[in-house]
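# A look at the structure
One letter stands for each residue in the lines below.
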Amino acid sequence: TTIMLGNYPSVSYPKSCKELLHLYGCLPDGLYFLSTSSGTSYLTFCDMTTDGGGWTLVASIHENNMYGKCTVGDRWSSQQGNNENVPEGDGNWSNKVTFGTVEAASSDDFKNPGYYEIIAEDMSVWHVPNGANVDNWKPSSIFRYHTQKNFLTQYGGNLYNLYKAYPVRYNAGVCHTNTGPSIPIVYDFGNDESLSTLYGPNSKREYEPGYITFRAFNNEKAALALCSGLKPKGCNIEHFCIGGGGFFAEGSGRQCGDFAGFDWNGYGTHSQWSASKEMTESVVMLFYR
Ligand code: G3P
Ligand code: CA
Ligand code: CA
Ligand code: CA
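This is a predicted model, so every value here is computed, not measured. Every chain begins its residue count from 1, and numbering advances along the sequence as written. Labels are handed out in written order, letters beginning with A for the chains and numbers beginning with 1 for the ligands. Owing to the predicted nature of the model, reporting of local features is limited to residues with pLDDT of at least 70; listing and counting of side-chain atom pairs is limited to 80 or more, with chain, interface and lining totals taken over all residues. Side-chain descriptors were evaluated using all non-hydrogen atoms of the structure, hydrogens and water having been removed beforehand.

## Topic: the coordination of the calcium ion (ligand 4)
Taken together, the protein donors to the calcium ion (ligand 4) comprise Asn236 (OD1), Glu238 (OE) and Glu250 (OE), at separations of 2.2 to 2.4 Å. Summarised as a motif, the one-chain spacing of the donors to the calcium ion (ligand 4) is N-x1-E-x11-E. Here Asn236 and Glu238 have matching classes, each one buried. Sites may look incomplete, because water is not among the atoms used; the donor set itself consists of N, O and S atoms within 2.8 Å of the metal (3.2 Å for Na, K and Ca). A simple rule labels every residue: compare its accessible area, found with a 1.4 Å probe on the protein chains alone, to the largest value its type can have, and call it buried under 20%, exposed over 50%, or partly exposed in between.

## What to know about the site of ligand 1
Here, proximity means that at least one heavy atom of the residue falls within 4 Å of the molecule or strand. All residues in the neighbourhood of ligand 1 are listed as Asn236, Glu238, His239, Glu250, Trp264 and Trp273. Between ligand 1 and Asn236 there is a distance of 3.0 Å, counted from an oxygen atom to a side-chain nitrogen or oxygen. The side chain of His239 places a nitrogen or oxygen atom 2.5 Å from an oxygen atom of ligand 1. Per-residue and other accessible areas follow the Shrake-Rupley method at a 1.4 Å probe size, with only the shown protein chains counted as cover for residues. For ligand 1, whose free accessible area comes to 310 Å², the fraction covered by protein is 59%. Counting of polar contacts relies on pairs of N or O atoms within 3.5 Å, with two restrictions inside protein: one atom must be capable of donating a hydrogen and the other of accepting it, and residues adjacent in sequence are counted only when both atoms are side-chain atoms.

## Examining the sheet that holds strand E9 (residues 207-217)
Only strands joined by at least two bridges in the DSSP assignment are considered to pair. The numbering of helices and of strands both runs from the N terminus, where a helix is a DSSP run of H or I of at least 4 residues and a strand a run of E of at least 2. One open sheet holds the four strands; their spatial order is E7-E9-E10-E11, and the pairing between them is antiparallel. The open sheet is flanked by strand E7 (182-184) and strand E11 (242-244), the only strands paired with a single partner. Adjacent strand axes in the sheet meet at a mean angle of 20°, parallel and antiparallel pairs treated alike. Both E9 and strand E10 (residues 223-232) contribute to a ladder of nine bridges, which runs antiparallel. For Ala216, the partnering residue across the bridge sits in E10 and is Leu224. Think of each axis as a best-fit line through the C-alpha atoms, taken over the contacting stretch in the case of a helix, with angles from 0 to 180 degrees between the N-to-C directions.

## Remarks on the nonpolar core
What we call a nonpolar core is a set of buried Ala, Val, Leu, Ile, Met, Phe, Trp, Tyr and Cys residues that are connected through their side-chain atoms within 4.5 Å. One finds Trp93, Tyr115, Met123, Tyr163, Phe214 and Leu286 to be the most contacted residues of the largest nonpolar core, which totals 65 residues. In terms of residue count, E10 provides more of this core than any other element does, six residues in total. The contact rule is simple, with two residues in contact once any of their heavy atoms fall within 4.5 Å. Apart from residues no more than four positions distant in its own chain, Tyr115 is found in contact with Val58, Ala59, Trp76, Asn92, Trp93, Asn158, Leu159, Tyr160, Tyr163 and Tyr288.

## A few points about helix H1 (residues 17-24)
Every α-helix carries 3.6 residues per turn, so stepping three or four residues along brings you back to the same face. When we look at burial in H1, the residues that qualify are Cys17, Leu20 and Leu21. For H1, the angular spread of buried residues about the axis comes to 100°, placing them on one side. For H1, the exposed residues set more than 90 degrees away from the buried face come down to His22 and Leu23. Looking one or two residues past H1, Gly25 carries a phi angle of roughly 85°, positive in sign. It is the directions from the helix axis to the C-beta atoms that the arc portrays.

## Quick look at the coordination of the calcium ion (ligand 2)
Reference values for angles at a metal are 109.5 degrees in the four-donor tetrahedral case and 90 or 180 degrees in the six-donor octahedral case. Distances from the calcium ion (ligand 2) to its protein donors, Glu63 (OE), Glu63 (OE), Asn65 (O), Gly68 (O), Asp74 (OD) and Asp74 (OD), fall within 2.3 to 3.1 Å. Tetrahedral means four donors with every angle between 85 and 135 degrees, whereas square planar (four donors) and octahedral (six donors) require angles over 155 degrees between opposite donors and between 65 and 115 for all others; sites fitting neither are termed irregular. Between the six donor atoms coordinating the calcium ion (ligand 2), the angles at the centre fall across 44 to 150°, so the site counts as irregular. The motif formed by the donor residues of the calcium ion (ligand 2), counted along the single chain, is E-x1-N-x2-G-x5-D.

## Concerning a nonpolar patch on the surface
Patches in this entry comprise residues that are over 30% relatively accessible and not in a salt bridge; like charges within 9 Å are linked, as are nonpolar side chains (Val, Leu, Ile, Met, Phe, Trp, Tyr) within 5 Å. The term salt bridge refers to a side-chain nitrogen of Lys or Arg lying within 4 Å of a carboxyl oxygen of Asp or Glu. A cluster of nonpolar side chains, namely Val11, Tyr13 and Phe33, defines an oily patch on the protein surface of about 270 Å² accessible area. Position of Val11 among the secondary structure elements: in the segment before H1.

## Some thoughts on the pattern of salt bridges
Tallied over the entire structure, the rule returns nine salt bridges. Lys138 is the partner of Asp47 in a salt bridge, and the nearest nitrogen-oxygen pair spans 3.0 Å. Within this pair, whereas Asp47 is found in strand E2 (residues 41-47), its partner Lys138 is found in helix H3 (residues 137-140), the two being separated by 91 residues in sequence. With respect to class, Asp47 is no different from Lys138; both count as buried. In this structure, Lys277 engages Glu281 in a salt bridge whose closest nitrogen and oxygen atoms are separated by 3.3 Å. Taking the relative accessible area as the measure of exposure, Lys277 reaches 46% and is therefore partly exposed. In this structure Glu281 comes out as partly exposed when scored by relative accessible area, which is 27%. One continuous salt-bridge network, built from bridges that share partners, spans Asp29, Asp47 and Lys138.

It is worth stressing that arrangement in space is one thing and function is another; only the former is reported here.
Written as structure tokens, this is what we have:
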């Protein structure tokens, strides 16, 4: 049997929402097709309005089960259990594995080829209530901000390259000494005070608001990937940083998972180290521009 592959027109879309916006000048927020350099097409969300628009959704970090500690769905930490021998966990912060779909990005983890393909300058982050419909992502966000000084240029233009330089790996560094970049943010919804309603009261003593921080270590050398809205000052960062490697020594694995130790003093209680229910039940969406 011979399979004949005829000539067919190949469709190529812009590489990013920023390119798309430049082509058309003005477009609404919504779902658009983009293409990678090798010609793969994918659908994602473009924020075409915030601070001039051109923001491409490349990933979402969703905690599907706060009680599941490094179990199924903990793709941004480990789905392989709390294990010292798997120090990078699933390794998705610095590999080319993709998963999820844009329309389910508020209901499950999402990572598209833009995460490693797009060469960007800045980032925007949205905390969106779990399960929100695409049209409601922006209006229902509990916290939104962006960077504005082209920091990504110094780190290879995207998170894939940044995390190659700052591995999210247990025992690859220690608290304070090996903290990755902390970048100042501009709030699009919320402010410094919002953080204290989202993260626990004990956590407030351990961070400075107004930043996004990439790769930091806690007291026990567990690696956390992203601290949204802040720069850590203390070392109990597992209560306000997300994603991570595959091993958390404290509490026999109770801090292992996409939202780490957000539930240390109870689920959604917002007491002591615990984050609020609204924070625990919101997905973290990452955009590039
Ligand atoms: O991260 C907090 C932990 O290190 C101390 O917790 O329960 O002794 O207050 P706890
Ligand atoms: Ca989990
Ligand atoms: Ca997840
Ligand atoms: Ca701790």
